[in-house]
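Summary of the model geometry
Each chain, written out:
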Amino acid sequence: MTKSDFSGSAEITDEGIKKHFQSFEPIRAIYELVWNGLDAGATKVDISIEYNELCGVDSITVFDNGDGIDINNLNDNFKKFNESTKRNDDNKHGAHGKGRLAFHKLCEQAVWYTRRDDYNARIKIISSAIKDFEGKFINNEKQHALLSGIKSGTCVELMGFSKATSLPSEKSVFKSLSLQFGWFLAFNKSHHILLNGKSIKVPEHELHETKFFIDDIEFLVKMIRWEYKPGKEKSYNYLINRSNRIVSKILSRFNNKIGFHASAYVFSSWNEKFDPDGFELGSDSENKSSPIYKKLNKILYKFQQEIYYDFLRRYVDNEIEKFEERGYFPIYAEPQNTYFKWREKNTKAVVKEIYFADPSIFNKLKAKQAKILINLIDKILVSNKNDDLFDILDGVLDLDNENMSLLAKQLKKTTLDNIIGTIEVLQNRQTTIHKLKEIMENRFATVLETPDLQKIIENNTWLFGAKYETLGAEEDTFHNIAKKLRNQINDIDVISEDDVSEGATVEGINRQVDLFLSRKTPQFDSTGKKFFNCLIIEIKRPGISLNKKHLQQLDDYAEIIEKHDAFNSAHMRFELILIGRKISKDDIRIKQRIESLKDKGENGLITDGRIKCYVKNWFTIFDEFDLTNGYLLENLKTKLDSLEDTSTKNLIEDLQAKSA
């Protein structure tokens, strides 16, 4: 070898080299060149890819500001192939001597320009004779322009691309580099990788840290949970030394978990003396048989398990929402019936627990299979065969005894919590109905100033039906316009003798005013289209009996709304509900209108279409509750206290309290 020539050959045949790259994707050749730069201590790697007009590749350049190529140790780099200079040096991706030769999957020729210490050099390899390299020392004038002005570094030029060269678009390459090198960039904030001048970003992720001691030795664990799998590598736990080099890596126990991709990095002074294969007697090195290593793995597993369970809860919640949207859950004959609502809630909770215990059960099912399975679970849960469900799960779920026992406890707790919660809600509502009925039957003539009734209604909107359980906050603009339009109705607040219920007086009624509630909320129709549901509730004073005059006012209000520009959108639907203590015994028109639309199956409906109108009385509302929940109420046999000795003031205060 002369001062100007250091050419040579790798210790393997051309065919032997290329055999190693049979399943190698072309883009991985770029990965390897980047890793070579990082392994050489580079803090910046700049990749430049020039595409031609036909979207083919004209040239690729990879520059790094690392230590450069050590020409004095060619036996440890360019002359070696598929063997490392240091045993178990997993961190050095290019240290096995073959990464540099992956270029032949992309092009015909690769030229390395390097600067190190007191020399400049160039190394050339062509794919047709890939085991041979041509090396020469060069002067500054012949050095690559990207290396000008820096102490050390390397620039690799790839040339001779054929039309058959397969490389993704710049956007795809950018994403691939992000997935491949994200973990490295996440922990090395001072390092930068660029593609055509744009910095490669760390993929979306969550960073979790914990610190603990084992035998007075401090350990710091940093775990990254990736939103998407970073490259093709599985999840590993890594031991890192002071130089941020990987001392050892072991497969994580959380591989093959659906949607869960994580890398854990353990930092400690203890790692400096860890040798994965060190079993020599008398050696002060630590190995996988060490008690500290075993304790470390246990703590690491528990830490990762907590993160996994937190992720899985969120993942399963999202999947259950998708199941609902796709119609996997049973459709009940009376969906608003409290009993069926409890069944629906309980079935969803149990499905969620099963999914959480073993996500592969539902994840591998097709839509029809999932729907059948969920419906079968629903049937079993309301039979006397609950133990059979657990026996089935015990036979098919891939769980150890500890996790199967945990699932059994969760299923029992979930079912019990749902039962208790449903009973409590139902009993609270039954008590509310009982108290409100007492007021409407026996105390309507002398009580219920408007503020009292307003608060009672706002805290118990479920009285009007299950879909009105939560109405949300008022939307000021909508409310103000709706109320202004209401005031345009002739004699809306005028009371005549014909309006007064038996037992009430005009004077007493005039101390009160009608109640007006409105809400505008976005909803979805049966086809999935979004619209605004506009609810307007007109509650007549308790001392008034509803009659044809009030019916006419409701019709007039609907007509005014229909003609108003702000309410004329096809994306707005209205529900106008007129509620009174009772319908006058002398009235015929309201009853006729309700009878004419009874085939629609909606109680009190008098007008159908974009603007629906309803007329209801409080006693009908009370009966609807009893009929809807009759099955459970009968079995609960709740004892309702007499209210004769309860003051009206206390009744009102109880009713104004926030109900279930």
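1. A short note on the overall build of the chain
Looking only at helices and strands, the chain has 17 helices and 21 strands in total. For the chain, with 660 residues in total, the buried portion stands at 46%. Long-range pairs, those at least 24 residues apart, make up 69% of the contacts in the chain with a sequence separation of at least 6.

2. Structural notes on the pattern of salt bridges
By the definition in use, this model includes 24 salt bridges. For Arg225, the salt bridge identified is with Glu206, shortest N-O distance 3.2 Å. Of the two residues, Arg225 sits in strand β11 (residues 217–226) while Glu206 sits in strand β10 (residues 205–214), which places them 19 residues apart along the sequence. Since its relative accessible area comes to 2%, Arg225 is described here as buried. Across the salt bridge formed by Arg593 and Asp555, the nearest N and O atoms sit 3.1 Å from each other. In this pair, Arg593 sits in helix α14 (residues 589–596) while Asp555 sits in helix α13 (residues 548–563), placing the two residues 38 residues apart along the sequence. When its relative accessible area of 22% is taken as the criterion, Arg593 is described as partly exposed.

3. Examining the sheet that holds β10
Spatial ordering of the open sheet is given by β10-β11-β14-β12-β13, a layout of 5 strands whose pairing is mixed. Edge positions in the open sheet fall to β10 and β13 (246–251), since each of these has one partner strand only. Direction aside, the axes of adjacent strands within the sheet are offset by 20° on average. Of the pairings in the sheet, the one linking β11 to strand β14 (residues 261–267) comprises 7 bridges and is antiparallel in character. Across the sheet, the residue bridging to Lys222 is Tyr265, located in β14. Helix α3 (residues 170–187) rests against β10, β11, β13 and β14 of the sheet, and its axis sits at about 140° to β11.

4. Thoughts on the pairing of strand β3 (residues 57–64)
For β3, the tally of buried residues reaches 7 of 8 residues, placing the bulk of the element in the interior. Linking two consecutive strands that pair antiparallel, namely strand β2 (residues 44–51) and β3, is a turn of 5 residues; a positive phi of about 70° is found at Cys55 within it. Direction of pairing for β3 relative to strand β7 (residues 153–159): antiparallel, over a ladder of 5 bridges. Within β7, the residue paired with Asp64 across the bridge is Thr154.

5. With respect to helix α11 (residues 476–486)
Every buried residue of α11 is listed here: Phe478, His479, Ala482, Leu485 and Arg486. Looking down the long axis of α11, one finds its buried residues gathered within 135° of arc, a one-sided arrangement. Within α11, the exposed residues directed more than 90 degrees away from the buried face are Asp476, Asn480 and Lys484. Where α11 is buried, its residues touch β15 (515–524), β16 (530–539), α13 and β18 (572–580).

6. Quick word on the environment of Gln369
Within the secondary structure, Gln369 sits in helix α7 (residues 367–381). Judged by relative accessible area, which is 41%, Gln369 ranks as partly exposed. Taking the C-alpha atoms as reference points, Gln369 and Tyr328, separated by 41 residues in sequence, lie 9.4 Å from one another. Polar contacts involving the side chain of Gln369 include one to the main-chain amide nitrogen of Lys366, which spans 2.9 Å.

7. With respect to the sheet that holds β16
If you walk across this open sheet you meet the 5 strands as β15-β16-β18-β21-β20, and the pairing is mixed. One side of each edge strand has no neighbouring strand; the edge strands of this open sheet are β15 and β20 (605–607). Put simply, the sheet's adjacent strands are angled 20° from each other on average, direction ignored. Taken together, the 10 bridges between β15 and β16 define a ladder with antiparallel strand orientation. The partner of Pro522 across the bridge, within β16, is Phe532. Along the sheet, α13 contacts β15, β16, β18, β20 and β21 (611–617); its crossing angle with β21, the most-contacted strand, is approximately 155°. In the packing of α14 onto the sheet, contacts are made with β20 and β21, and the angle to β20 comes to roughly 95°.

What counts, and at which threshold
- Residues numbered from 1 in each chain as written.
- Predicted model: local features only at pLDDT ≥ 70, side-chain atom pairs only at ≥ 80, totals over all residues.
- Heavy atoms only, no water.
- Helix = DSSP H or I, 4+ residues; strand = E, 2+ residues; numbered from the N terminus.
- Buried < 20%, exposed > 50% of the residue type's maximum accessible area, 1.4 Å probe, protein only.
- Contact = heavy atoms within 4.5 Å.
- Salt bridge = Lys/Arg side-chain N within 4 Å of Asp/Glu carboxyl O.
- Pairing = 2+ DSSP bridges.
- Axes fitted to C-alpha atoms, helices over the stretch in contact; angles between N-to-C directions.
- Arc of directions from axis to C-beta.
- Polar contact = N/O pair within 3.5 Å; in protein donor to acceptor, adjacent residues only side chain to side chain.

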